[in-house]
Amino acid sequence: METEEKSLKKAVLWEPDKDKKVRCKLCSHRCVIDERKVGRCNVRKNIDGVLYSLTYDKVCSANPDPIEKKPLFHFQPGTRSFSIATMGCNFQCDFCQNWQISQAAIENGQIDGEPITPEQIVEAAVRNGCKSIAYTYTEPTVFMELCNDCGRLAKEKGLKNIFVSNGYQTIEAIDFAKDWLDGINVDLKAFSEDYYKRLCKARLQPVLDTISYIANQTNIWLEITTLLVPGENDSDDELKKIAEFIVTKANPDVPWHISRFYPQYKYLDSVPTPLESLERAYDIGRAAGLHYVYLGNVPGAKSENTFCYKCGRTLIERMGYKILANHIKKSCCPDCNTKIAGFEL
Ligand code: SF4
């Protein structure tokens, strides 16, 4: 046990509880973990009354990606983001698109990866011409220790840091990260507790709280993604609730990405999202007052482009993850001078 402890990274955001238990405060599961046990994510372990990360030195993915792939459409468009992950997640979504790396730790304790240091990650990002580091593919909250060390170093080197997240981190975790976290794409998967409970083994309300907090109490740039699963979260009523929530509790300037679903993992008895549903969701988002709505996983669709919400001028032309043209001038529409929200547009 002693040897294991020596090689592990002490976790952040936890407190001791009685009988050598610990209480993790990183995500809204707020696990109370017995000695020698792990939390629900299976990647944080209590050893002798101290919580450790089991993934700090186990990076399982590291690639330079277009930032549009995250997706972030209003944050340094056309740049590359060095994207890293470790195995594990605090959700168990039946339709997970990255289940091979997100669910293996939960299913069978498998945690594979390379000991890549924060210094090496930042160096690789710079070498690959990236403007940011993205903590993505799996849930970054559960590898916060690596994000924190890497994020602080990246900041010193002039790089930005972004999360692609399910939004289940606690307010304490957002506060912990907000000095170095510059942008985040949060999944708002549905607008019903039943959906979150049944399909993700989690709850909706903490995600709503996190989104509101990020939008109103921090300077972190926020975009939201909803994967449209046929028959589960694609009714007019539910889509309207999501769009109205973003408008009223976040901001009409927050881009909403509506993503096409393809059957995955345990959720195979379904069809891909019909294009009509995606277009209906797009119209509902715009009618609710959202300034920027995008369709994802539909390469070539007109709704991949950014339009001026005032005059309708095409501002950024996209083809999949590629930027074909960016007509924004000093963060404004070149025709009507309306300010376009975002970062380094
Ligand atoms: S990160 Fe979440 S799931 Fe993992 S131990 Fe902490 S509270 Fe539990």
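Scroll up for the structure.
What comes next concerns the included structure.

**A look at the nonpolar core**
Then comes step 1: Among the nonpolar cores identified, the biggest contains 95 residues, and I133, L188 and W256 are the most heavily contacted of them.
Then comes step 2: Here the element with the most residues in this core is helix 9 (residues 236-250); it accounts for seven residues.
Then comes step 3: Other than its neighbours up to four places away in sequence, W256 contacts I224, T226, L239, I242, A243, I246, A281, G285, L290, Y292, V293 and Y294.

**Quick look at the packing of aromatic side chains**
Then comes step 1: One pass over the full model with this rule turns up 14 aromatic pairs.
Then comes step 2: Between the aromatic rings of Y292 and Y309, the centroid separation amounts to 6.0 Å while the plane-to-plane angle is 90 degrees, which identifies the pairing as edge-to-face. Here Y309 lies in the loop between strand 15 (306-307) and strand 16 (314-319) and Y292 lies in the loop between helix 10 (275-288) and strand 14 (293-296), a separation of 17 residues in the sequence.
Then comes step 3: Assessed through its relative accessible area of 2%, Y292 is described here as buried.
Then comes step 4: The exposure class assigned to Y309 is partly exposed, which follows from its relative accessible area of 23%.
Then comes step 5: Aromatic ring contacts, followed pair by pair, group F91, F95, Y168, Y195, Y196, F261 and Y267 into a single cluster.
Then comes step 6: One cation-aromatic arrangement involves R318 over F73; the distance from NZ or CZ to the ring centre is 4.0 Å.

**Some details on the environment of I220**
Then comes step 1: One can find I220 in the loop between helix 8 (205-217) and strand 12 (221-228).
Then comes step 2: Residue class for I220 comes out buried when judged on its relative accessible area of 6%.
Then comes step 3: Distance from I220 to I184, taken between C-alpha atoms, is 6.9 Å for residues 36 residues apart in sequence.

**Quick notes on the side chain of S277**
Then comes step 1: Note on placement: S277 falls in helix 10.
Then comes step 2: Sequence-distant contacts of S277, defined by excluding residues within four places in its chain, comprise L228 and D234.

**Some thoughts on the site of the ligand**
Then comes step 1: As a structural note, the neighbourhood of the ligand is formed by C24, L26, C27, H29, R30, C31, I33, G39, R40, C41, R44 and V142.
Then comes step 2: Here the shell around the ligand is composed, by residue class, of seven nonpolar, two polar and three charged.

Each value, and the rule that gives it
Residues numbered from 1 in each chain as written. Predicted model: local features only at pLDDT ≥ 70, side-chain atom pairs only at ≥ 80, totals over all residues. Heavy atoms only, no water. Core = buried A, V, L, I, M, F, W, Y, C linked by side-chain atoms within 4.5 Å. Buried < 20%, exposed > 50% of the residue type's maximum accessible area, 1.4 Å probe, protein only. Helix = DSSP H or I, 4+ residues; strand = E, 2+ residues; numbered from the N terminus. Contact = heavy atoms within 4.5 Å. Phe/Tyr/Trp six-rings, centres within 6.5 Å; stacked < 30°, edge-to-face > 60°. Lys NZ or Arg CZ within 6 Å of the ring centre and 35° of its normal. Near = heavy atom within 4 Å. Nonpolar A, V, L, I, M, F, W, Y, C, P; charged D, E, K, R; others polar.

Function cannot be inferred from these measures alone, as they are strictly geometric.
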